[in-house]
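Fold and contact review
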Amino acid sequence: MRNRTGEILIHITGCIAFLAIPILFRPGAMDDFAVFDDPRSRTDFLSYLLLILFFYLNFFVLVPRFYFKNEFFYFGIVVAVCFFVIAFLPDALVPFKPMMHRPPPPKPGGGGFFMFKPGNVFLLFLIVFFLSLMLRISGRWRQTEKEKMGAELAYLRAQINPHFLFNTLNSIYSLAIVKSDYTASAIVKLSAMMRYVINEAHQDFVSLEKEISYIRSYIELQQIRFGDSIKISFEVRGQTQGKSIAPLILISFVENAFKHGVNAEENSDIRILVDISDLTLRLEVSNNKVFVQSSDENKSGLGIENTRSRLQLLYPSAHTLSIQDHEKDFKVILELKLK
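Residues numbered from 1 in each chain as written. Predicted model: local features only at pLDDT ≥ 70, side-chain atom pairs only at ≥ 80, totals over all residues. Heavy atoms only, no water.

Regarding the overall build of the chain
- Within the chain, the secondary structure is distributed over nine helices and seven strands.
- Within the chain, buried positions represent 39% of all 339 residues.
- Working note: accessible area of the chain is about 20,000 Å², and carbon and sulfur atoms make up 61% of it. (Helix = DSSP H or I, 4+ residues; strand = E, 2+ residues; numbered from the N terminus. Buried < 20%, exposed > 50% of the residue type's maximum accessible area, 1.4 Å probe, protein only. Areas by Shrake-Rupley, 256 points an atom, 1.4 Å probe, with all protein chains shown as cover.)

So this is what it looks like as structure tokens:
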């Protein structure tokens, strides 16, 4: 709303300044204030007013209606008609009446650049025409980029959500196989996670508290599944209230640690730290490297690749991602600016 108000104020200020040009640059403008006593000044003022009307006509109607639809022949005809109207209508509407005390004619070469001589009419018309055309094309390009980014994000979410659902259902399946008493609790946590995905994940940004709660539910679900067979450390430092983050932007790194760092027969140690300072979030996820039976799902790396793409789209210059792949452990460090 504030940006919209600012744009309106800029347009109003620009129109007033443009209309003031024929008044400020008329011959003898500083000698007297009887601007509109001179028919030439009235004609010039009307011509500038028509140029402003043409600017908005071209911006809002002609370019979208003809130019963007490749109807260049009709576009050229309408623009030409507008030029002739601006060039000749003011003189037809403002009859010339000699002034009783007409000021002396300006010296040769005087009169100012902005007075409406035949060449200047065409020059100013071209300036207004190309300015409105370029602004409209630029606006459409920005809108296209925004829609493209939205489509890419929607595509990435469509891949991410089934990926999470598959992994969490696989965890509950493991509990059901051994008839664990924690199966019901795990289903409740999965229900909360899916509710978050359905209700919140379609937005560009969500409450940081909800995102952290989603991660916590995922970790608790894994703790139910593996029990004491692995070491899990999860710590959140700092305040989450009043801050926003892109949904499901952190979970892929947490999920990757469980996917590649869990083996009940080896030293499985997963450490997760979320450190929040002012509007900066630092995520550290590390896990020991253990033997994990290979599968197509484990090899896909879909979650992290999608997260990389979403970080580039949503935090293009507001994040750093470091992935450290050592011989015995794997560590991810992500820093990003919160909203």
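Next comes the rest of the account.
With respect to the packing of helix 2 (residues 39-67) against helix 3 (residues 72-93)
- Interhelical geometry of helix 2 versus helix 3 gives an angle of 165 degrees and a closest axis separation of 9 Å. As summarised for this structure, helix 2 and helix 3 are arranged roughly antiparallel, according to the angle between their axes. Crossing handedness for the pair helix 2 and helix 3: right-handed.
- When the residues that make up the contact of helix 2 with helix 3 are grouped by side-chain class, the tally is 20 nonpolar, three polar and two charged. (Axes fitted to C-alpha atoms, helices over the stretch in contact; angles between N-to-C directions. Parallel < 35°, antiparallel > 145°, perpendicular 65-115°, else oblique. Left-handed = near helix turned anticlockwise from the far one by under 90°. Nonpolar A, V, L, I, M, F, W, Y, C, P; charged D, E, K, R; others polar.)

What about unusual backbone geometry?
- The backbone of asparagine 70 sits at a positive phi, close to 60 degrees, despite the residue not being glycine.
- Within the element layout of this structure, asparagine 70 appears in the loop between helix 2 and helix 3.
- Its identity is not glycine, yet lysine 179 carries a phi of approximately 55 degrees, on the positive side.
- Locating lysine 179 in the fold gives a position in the loop between helix 4 (118-177) and helix 5 (183-199).
- Judged by its relative accessible area of 72%, lysine 179 falls in the exposed class.

Brief notes about the side chain of serine 286
- Here serine 286 is to be found in strand 5 (residues 280-288).
- Taking the relative accessible area as the measure of exposure, serine 286 reaches 9% and is therefore buried.
- Setting aside residues up to four positions removed in sequence, serine 286 forms contacts with Asp269, Ile270, Arg271, Phe330 and Lys331. (Contact = heavy atoms within 4.5 Å.)

Some remarks on the sheet that holds strand 5
- If you trace the five strands from one edge of the open sheet to the other, you get 2-4-5-7-6, paired in mixed fashion. Looking at strand neighbours, the two that pair on one side only are strand 2 (231-237) and strand 6 (319-325), the edges of this open sheet. The mean angle between the axes of side-by-side strands here comes to 5 degrees, regardless of whether they run parallel or antiparallel.
- Where strand 4 (residues 269-277) lies against strand 5, eight bridges are found, and the strand directions are antiparallel. Following the sheet pairing, serine 277 is matched in strand 5 by threonine 280.
- Along the sheet face, helix 6 (residues 208-226) touches strand 2, strand 4 and strand 5 and points at about 165 degrees away from the line of strand 2. (Pairing = 2+ DSSP bridges.)

Some details on the packing of aromatic side chains
- Under the defined criterion, the tally for this structure stands at 19 aromatic pairs.
- Ring geometry for tyrosine 67 and phenylalanine 68: centres 6.0 Å apart, planes at 65 degrees, overall edge-to-face.
- Tyrosine 67 sits in the partly exposed class, given a relative accessible area of 26%.
- Residue placement shows arginine 136 over the ring face of phenylalanine 59; its charged tip is 5.0 Å from the ring centre.
- Taking the ring centre of phenylalanine 68 as reference, the NZ or CZ of arginine 140 above it sits at 4.1 Å. (Phe/Tyr/Trp six-rings, centres within 6.5 Å; stacked < 30°, edge-to-face > 60°. Lys NZ or Arg CZ within 6 Å of the ring centre and 35° of its normal.)

Let's talk about the pattern of salt bridges
- Within this structure, the stated rule accounts for nine salt bridges.
- Across the pair glutamate 220 and lysine 189 runs a salt bridge, and its minimum N-O distance is 2.6 Å. On the criterion of sequence distance, the pair formed by glutamate 220 in helix 6 and lysine 189 in helix 5 is long-range, its members being 31 residues apart.
- The closest approach of N and O atoms between aspartate 269 and arginine 271, which form a salt bridge, is 2.8 Å.
- You can call aspartate 269 buried: its relative accessible area is 18%. (Salt bridge = Lys/Arg side-chain N within 4 Å of Asp/Glu carboxyl O.)

Some points on the environment of lysine 259
- With respect to the helices and strands, the residue lysine 259 is situated in helix 7 (residues 251-260).
- Under the relative-accessibility criterion, lysine 259 is labelled buried at 12%.
- Here the alpha-carbon distance between lysine 259 and valine 292, two residues 33 residues apart in the chain, equals 8.1 Å.

So, a nonpolar patch on the surface
- A surface patch of nonpolar side chains, amounting to about 670 Å² of accessible area, comprises Phe73, Tyr74, Ile77, Val81, Val85, Leu89 and Leu93.
- Relative to the helices and strands, isoleucine 77 is located in helix 3.
- Given the relative accessible area of 41%, isoleucine 77 is considered partly exposed. (Patch = residues over 30% accessible without salt bridge, like charges linked within 9 Å, V, L, I, M, F, W, Y side chains within 5 Å.)

Some thoughts on the nonpolar core
- Counting residues in each nonpolar core, the largest one holds 48 residues, and the members touching the most others are Ile245, Val254, Phe258, Leu281 and Leu283.
- Breaking this core down by element, the ones donating at least two residues are helix 4, helix 5, helix 6, helix 7, strand 4, strand 5, helix 9 (302-314) and strand 7 (329-337).
- Looking at this core element by element, the count peaks at nine residues for helix 6.
- Those residues in contact with leucine 283 that lie beyond four places of it in its chain are Leu250, Phe253, Ile272, Leu273, Val274, Val332, Ile333 and Leu334.
- Judged by nonpolar contacts, the second largest core, of 25 residues, contains Phe18, Phe55, Ala87 and Phe125. (Core = buried A, V, L, I, M, F, W, Y, C linked by side-chain atoms within 4.5 Å.)

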